[in-house]
Amino acid sequence: MITLYINNQEVQVPEGSTILDAAKACNVNIPTLCHLENTPPKGLCRVCVVEVEGARAMAAACATPAAEGMKVKTNTRKIRDTRRTVVELLLSEHDGDCKVCDRNDDCELQELARELGITSIGFEGEKAPSKIDKSTPALIRDDGKCIKCRRCVVACNETQGVGAVFPQGRGFTSTISPAFDCNLDEITCVQCGQCAAVCPVGAITEHNYIENVWNAIDDPSKYVIVQTAPAIRAALGECFGYEPGTVVTGKMVAALKSLGFDGVFDTNFAADLTIMEEGTELLTRLKNALVDKKDVALPQFTSCCPGWIKFAEHFYPDMLDNLSTCKSPQQMFGALAKTYYAQKIGKKPSEVVVVSIMPCTAKKYECYRDEMYDSGAKDVDYVLTTRELSTMVKQAGIDFKLLKEQKMDTPFPESSGAADIFANTGGVMEAAIRTAYEIVTGHEVPAQQLHIKPIMGLGGIKEASLKIEGTLPEWSFLEGVELNVMVIHSLGNVRKVLEEMDISKYHFIEVMTCPGGCISGGGQPRFTDDSVRQKRIAAIYAEDEGKELRKSHENPFIKQIYDEFFEAPLSEKSHHLLHTQYTK
Ligand code: HC0
Ligand code: SF4
């Protein structure tokens, strides 16, 4: 351990820590606009300057190693003046009008300027060149607002292993953008929005569909329903002052009803449906491989994450047969809403508008894919992020905290705990195993044994091996088989697995694009670090553990929908509405 002094306060930190780490350890806040936890320091923005006794120049706290006996000052007049100059220089070339910026009141640069008492910009001069890219349904990029902190470069290159954006050009006209001045829809960007999640300013934000949704709600000829993803309930509260990890499902439903939606439903119901379909698909693939000796693509990969699908299409097209043919729960719900539900309420698919509230920007892109029109209309019309929903609630003047909790509407009023945990890395796999195990053995798994510990938590590449014993006669070919499963989050880890590992021993692999899964999707409230992720994950597991219904196949409304509509998993109707094939 190293002992040093921050503002005369003694603090001990492990070898390899920086001054910024040491300040954090003793609850001293040093501002930074470029630093990201768990990534190497960059020292780019220079906002974190501090004074070190005996040093000739001020030091960037994020990039300066803590040393034994070091005496650091973080808040002298000289430091405040320097920080103010740095921020004024950033503001001087920043080509954005805060009043009309999507990040107004949620902007780290604006907040810092306010904290430093900047009331005018002392340096008038040329503005950075502005190019606005609205080419994708997921994101809007504006170079003029970029402060070149390179957080998005780290997110895109290191966390996601995509490499869509990086520094281009030199000097004043340099930008952080795709190569050759391309738009995001012309390159390999998977539209995950992790760049937007870490951007301190409004240089990259979600493509906003709030007005489209208001227009639909105001249109008397439209019947507008909404679905909410598993991860929203553990994060939306943060936009209204709740602690991360506060579950606000009932208030969220009440807010959506107040906004004027005609029906409020849960994507979790479709997550239960996904498990029925995807679990059956896995068992069918295993039977085809082990009994019928057919040439089957294994391991099966999950297919509910649109960022991962796009990543596979761009970089690993040879793997597409390994993807489950299941559509994502969002798209299953859309197809179901415009067929089964529309029939129930006597509407044509074109009269029903389906809105999704998702933690994810890639879901905005997913709903425009050509494969997603199986109901005869666009299955999901508009996707809003968690942040956009909070904006709508504020626009409507709703006091979220005072809302009385309400329940989801019929005919999909209930979902299982297995569906809740879709929100976390490892959740889809655990949910699938809960159901597949019971189908194969006919034995109930006791509640205390439902969690599969090795695939829980924030590890990027996790695995488990489960011995199948006590199979029913129909599944005897699985008796004694070790089911090998892997769970990966963050596309950079997917790249590592696919390029460096032999995956032939695995049967089923879950992939989620974002760090920790959907709980930290690109559309979630900012700022998401590991401590926020842990709290949201804990809240989701608590939600699951608090439910009586914890397995998808036990959901009585799932049974009902098979009786009334689909007949059985992988039936012709389910193939038509709930499955698709991604081709090269
Ligand atoms: Fe997810 Fe989903 S779990 S991808 O993260 O499968 O976005 O929350 O809605 O569709 O259910 C996101 C979250 C979903 C889908 C579900 C899956
Ligand atoms: Fe990279 Fe994802 Fe941003 Fe696209 S959306 S630029 S892939 S981080």
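Residues take numbers from 1 onward in each chain, read along the sequence in its written order. Labels follow written order: the first chain is A, the first ligand is 1, and so on. Local features in this predicted model are restricted to residues of pLDDT 70 or higher, and side-chain atom pairs are both shown and tallied only at a pLDDT of 80 or more, whereas totals for entire chains, interfaces and linings draw on every residue. Side-chain metrics in this entry use all non-hydrogen atoms of the structure; hydrogen atoms and water are not considered.

Soluble globular proteins tend to bury their nonpolar side chains together. We call a set of buried Ala, Val, Leu, Ile, Met, Phe, Trp, Tyr and Cys residues a nonpolar core when their side-chain atoms join them within 4.5 Å. Here's how the labels work: a residue is buried when its accessible area is under 20% of the maximum for its type, exposed when over 50%, partly exposed in between, all with a 1.4 Å probe on protein chains only. Grouped together as the largest cluster of nonpolar side chains are 86 residues, with contacts concentrated most on Val 87, Leu 109, Phe 301 and Trp 308. A total of 6 residues in this core trace back to one element, the largest contributor, which is helix α14 (residues 427–441). Working rule for contacts: check all heavy atoms of both residues, and any pair within 4.5 Å makes them a contact. Ignoring anything within four residues of it in the chain, the contact list for Phe 301 reads Glu 278, Trp 308, Met 319, Asn 322, Leu 323, Ser 324, Leu 498, Ile 503, Phe 508, Ile 509 and Val 511. The next biggest cluster of nonpolar side chains, apart from the first, holds 65 residues, and it includes Trp 214, Phe 240, Leu 259 and Leu 336. Only runs of H or I of at least four residues qualify as helices and only runs of E of at least two qualify as strands under DSSP, and these elements are numbered from the N terminus.

Strand order in the open sheet formed by 4 strands is β13-β18-β17-β16, with mixed pairing between adjacent strands. On the outer flanks of this sheet lie β13 (300–301) and β16 (461–467), each paired with one strand and no other. Taken together, the 2 bridges between β13 and strand β18 (residues 508–512) define a ladder with parallel strand orientation. Bridging across to β18, Gln 300 finds its partner in Phe 508. A fitted line through C-alpha atoms serves as each axis, taken over the contacting stretch for helices, and the angle formed by two N-to-C directions is quoted from 0 to 180°. Across the sheet, α14 is in contact with β16, β17 (482–489) and β18; its angle to β18 comes to roughly 145°. Strands are labelled as partners when DSSP assigns at least two bridges between them.

Turning next to the site of ligand 2. A cutoff of 4 Å decides nearness: a residue is near a molecule or strand if any of its heavy atoms lies inside that distance of it. Around ligand 2, a shell composed of Leu 139, Cys 156, Val 162, Ala 164, Cys 189, Val 190, Gln 191, Cys 192, Gly 193 and Cys 195 is seen. Considered class by class, the residues forming the shell around ligand 2 number 8 nonpolar, 2 polar and no charged. Nonpolar residues are Ala, Val, Leu, Ile, Met, Phe, Trp, Tyr, Cys and Pro. Charged residues are Asp, Glu, Lys and Arg, and all others, Gly as well, are polar.

With respect to spatial proximity, 15 residues lie near ligand 1, and among them Ala 231, Cys 304, Gln 330, Lys 363 and Cys 518 are the closest. N or O atoms closer than or at 3.5 Å make up a polar contact, with two conditions inside protein: a donor-capable atom paired with an acceptor-capable one, and, for residues adjacent in sequence, both atoms drawn from side chains. A distance of 2.7 Å separates an oxygen atom of ligand 1 from a polar side-chain atom of Lys 363. Looking at side-chain class alone, the shell around ligand 1 contains 11 nonpolar, 3 polar and 1 charged residues.

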